[in-house]
Amino acid sequence: MKNEVTSVRLTTNKRTILKDGEPFFYLADTCWSAFISIKEDEWLYYLKKRKDQGFNTLQINILPQWDRSIGNFDQLPFKIEEGVFDFNELDESYFARAREMCKVATEQGFVLSLIVLWSNYVTGTWASAIDQEKNVYPTEQLEKYFETVIKSFDVFSPIYVIGGDTDFPTEKTIGTYQQAFDYFEAASPETLKTIHVKGRFSEIPEVIQNRLDIYFYQSGHNSSYPEMAYTLAQDFYKKEPQLPVINSEPCYEQMGYARKVYGRFRQADVRRAAWQSVLSGGCAGITYGAHGIWSWHGNSASYSIDLGEAFDTPMQWQDAINFPGALDYGFLKQLLEDNGITDLEPSNQLLEKGNEQIRVAYAKDGNTLLVYLPSNTSIRLAADMSDYKISLIDLATKNVHKATYVIQDNQTIFPTHNCLEDVLIIASKKK
């Protein structure tokens, strides 16, 4: 029996999301290891903190995250011996505890985005290959697991993310995900369903793509491809069928660069990824990640940089929860809501000879234009904006400035500004 949690729905144009019939900007925090690693008192603190920072959604892996931090506290859904799970018997106490955590979260107003099968549990994927397929979930036992998931979580009307961090290299891989979609479509027809693909990946088999309610893409943590935040947004925005687009895993704050490359993503990096994603087609929402929160890393935890994509050691979760980038993401959401912006259309064709890192988008009502400049430069827009009120926001300080510009030959020209980091130009049509 459903409780009074209102499920999220798509708007009629299938570009954005509604909750309680009102526009809903999906602002998620990545907390993959919540059910396995977070104690009850820590969970209450975490929820309050993220709610204060503006988040409204939590991305959680139902099964153990294969590259998580281990040792603080581990409650597992299966018995484990020498790193191999015994899938024959599910621990009901694990799911009862996870259900209680979800109850507390939804009472705080959070939407749940629950990953059903992370890629290391599915045969043929890049992750199961690294894991030598030792923890691939037997397909003949999946239905029992799916039944337990529905029984435990459907009451909260979550978004079911059928696959996590995945590719689709074999027919068996695709077949496993089809089996999951079949079950969840039949057992939970009212919930939204999607799949979380691996980093820098955009090709989804048609038999999977046609079953999605939302496009999740992942610009990821490889420092060599920062442009993926906006190029993938553009790719998914053009896909058919037309659906809401969300960057469900941009670079995480203080995450070490993938593949043991020296360096970490900083506040400005994750802020840039957010604005570039949202203004390039991923306007239904954005996901934030902090290195130390997703893996829930405590002072006695161990973390292997040889697993997954080989990221450097996380910060402790008590420090990671206060990384400043979280407030940048909350600010983005609040700015859109305060200006009544519920849908954005990428409009980079307005930019005259500008660098592609600069992103431009119109609100669908045509009354507001947003321009994101990651670095200081002069720009020209192919539009006469004399009937707009124009402000410039220093995104590092959140100070609002009166924009300097001139209008010439039906162009609006913005000279260099006085801010030291990235800025947002916001132009609103005068009433």
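Residues numbered from 1 in each chain as written. Predicted model: local features only at pLDDT ≥ 70, side-chain atom pairs only at ≥ 80, totals over all residues. Heavy atoms only, no water.

## Some details on the pattern of salt bridges
Between side chains of opposite charge, a pair can form as their charged atoms come close. Going through the model one piece at a time under the given rule, you end up with 18 salt bridges. The closest approach of N and O atoms between Arg264 and Asp312, which form a salt bridge, is 4.0 Å. A residue pair is termed long-range when its members are at least 10 positions apart, and Arg264 in the loop between strand 12 (245–247) and helix 9 (267–278) and Asp312 in the loop between strand 13 (285–288) and helix 10 (317–320) qualify at 48 residues. Using a relative accessible area of 24% as the deciding quantity, one classes Arg264 as partly exposed. A cluster of three or more residues bridged by salt bridges with shared partners is formed by Arg271, Asp328, Lys398, Glu421 and Asp422. (Salt bridge = Lys/Arg side-chain N within 4 Å of Asp/Glu carboxyl O. Helix = DSSP H or I, 4+ residues; strand = E, 2+ residues; numbered from the N terminus. Buried < 20%, exposed > 50% of the residue type's maximum accessible area, 1.4 Å probe, protein only.)

## Some points on the pairing of strand 16 (residues 368–373)
Along any regular strand the residues' side chains alternate between the sheet's two faces. Taking burial as the measure, the six residues of strand 16 include six buried ones, the bulk of the element. Where burial is concerned, the two faces of strand 16 agree: the one with Thr368, Leu370 and Tyr372 and the one with Leu369, Val371 and Leu373 are both buried. Relative to strand 16, strand 15 (residues 359–363) runs antiparallel, the two sharing four bridges. Counted as the bridge partner of Val360 is Val371 from strand 16. From the end of strand 15 to the start of strand 16, which pair antiparallel, there are four residues, and Gly366 there has a positive phi angle of about 80 degrees. (Pairing = 2+ DSSP bridges.)

## Some words on the sheet that holds strand 3 (residues 22–24)
The antiparallel open sheet is built from three strands, whose spatial order is 1-2-3. On the outer flanks of this sheet lie strand 1 (9–10) and strand 3, each paired with one strand and no other. Strand direction decides the pairing type here: strand 2 (residues 17–19) and strand 3, joined by three bridges, are antiparallel. Of the residues in strand 3, the one forming a bridge with Ile17 is Phe24.

## So, the sheet that holds strand 17 (residues 379–381)
Strand order in the open sheet formed by three strands is 17-21-20, and the pairing between neighbours is antiparallel. Strands with a single pairing partner mark the edges of an open sheet, and in this sheet they are strand 17 and strand 20 (406–408). Taking each pair of neighbouring strands and ignoring which way they run, the sheet shows an average axis angle of 25 degrees. Here strand 17 pairs with strand 21 (residues 411–414) via three bridges, running antiparallel. Residue Arg380 lies in a different strand from strand 21, and its bridge partner there is Ile413. (Axes fitted to C-alpha atoms, helices over the stretch in contact; angles between N-to-C directions.)

## As for the packing of aromatic side chains
Summed over the entire model, instances satisfying the criterion amount to 32 aromatic pairs. On the basis of an interplanar angle of 55 degrees and a centroid distance of 6.5 Å, the ring pair of Phe95 and Phe153 is categorised as tilted. One end of the pair, Phe95, is in helix 3 (residues 92–107); the other, Phe153, is in helix 5 (residues 142–153), with 58 residues separating them in the sequence. Looking at Phe153, the relative accessible area reads 0%, which means it is buried. Here the aromatic residues Phe78, Phe85, Phe87, Tyr121, Tyr137, Tyr145, Phe146, Tyr160, Tyr183 and Phe184 are joined through ring pairs into a cluster of three or more. Above the face of the Tyr237 ring, Arg15 is positioned so that its terminal group lies 3.7 Å from the ring centre. We note Lys239 situated over the ring of Phe236; from NZ or CZ to the ring centre the distance is 5.1 Å. (Phe/Tyr/Trp six-rings, centres within 6.5 Å; stacked < 30°, edge-to-face > 60°. Lys NZ or Arg CZ within 6 Å of the ring centre and 35° of its normal.)

## Points about the state of the cysteines
With the rule as written, the count across this model stands at zero disulfides. In this structure Cys102 is not part of a disulfide, and its nearest cysteine sulfur, from Cys31, lies 11 Å away. For Cys102, a relative accessible area of 1% corresponds to the buried category. Cys251 takes part in no disulfide bond, and the closest cysteine sulfur, belonging to Cys31, lies 19 Å away. Residue Cys251 is classed as buried on the basis of its relative accessible area, which comes to 8%. (Disulfide = S-S within 2.5 Å.)

## Quick word on the nonpolar core
Core analysis: the biggest nonpolar cluster contains 126 residues, and Phe35, Trp43, Leu117, Tyr145 and Phe153 have the highest contact counts within it. One finds Tyr362, Ile379, Ala403 and Phe414 within the second-largest nonpolar core, a separate group that totals 21 residues. (Core = buried A, V, L, I, M, F, W, Y, C linked by side-chain atoms within 4.5 Å.)

## Concerning the environment of Arg264
Separated by 41 residues in sequence, Arg264 and Ser223 have C-alpha atoms that sit 8.7 Å apart. Contact partners of Arg264, with chain neighbours within four places excluded, come to Gln254, Met255, Gly256, Tyr257, Asp269, His291, Asp312 and Thr313. Within polar-contact distance, the side chain of Arg264 engages the backbone oxygen of Gln254 at 2.9 Å. (Contact = heavy atoms within 4.5 Å. Polar contact = N/O pair within 3.5 Å; in protein donor to acceptor, adjacent residues only side chain to side chain.)

## As for helix 2 (residues 40–52)
With 13 residues, helix 2 extends 19 Å from end C-alpha to end C-alpha; this agrees with the ideal 18 Å at 1.5 Å per step. Of the residues making up helix 2, those classed as buried are Glu42, Trp43, Tyr46, Leu47 and Arg50. Down the axis of helix 2, the smallest arc covering the buried residues is 135 degrees, so these residues share one side. Among the exposed residues of helix 2, those oriented more than 90 degrees off its buried face are Asp41, Leu44, Lys48 and Asp52. At the C-terminal side of helix 2, Gly54 shows a positive phi close to 105 degrees. (Expected span 1.5 Å × (residues − 1). Arc of directions from axis to C-beta.)

## Notes on the environment of Pro415
Along the chain, Pro415 falls in the loop between strand 21 and strand 22 (423–429). Not counting residues up to four positions away in its chain, the partners in contact with Pro415 are Thr377, Ser378, Thr404 and Tyr405.

## Some details on the packing of helix 9 against helix 11 (residues 325–338)
Running from N to C, helix 9 and helix 11 point in directions that differ by 25 degrees, and their axes come no closer than 9 Å. For the element pair helix 9 / helix 11, the angle class is roughly parallel. Taken as a pair, helix 9 and helix 11 cross one another with a handedness that is right-handed. Between helix 9 and helix 11, the contacting residues are Gln267, Val270, Arg271, Ala274, Trp275 and Val278 on the first element and Gly325, Asp328, Tyr329, Leu332, Leu335 and Leu336 on the second. (Parallel < 35°, antiparallel > 145°, perpendicular 65-115°, else oblique. Left-handed = near helix turned anticlockwise from the far one by under 90°.)

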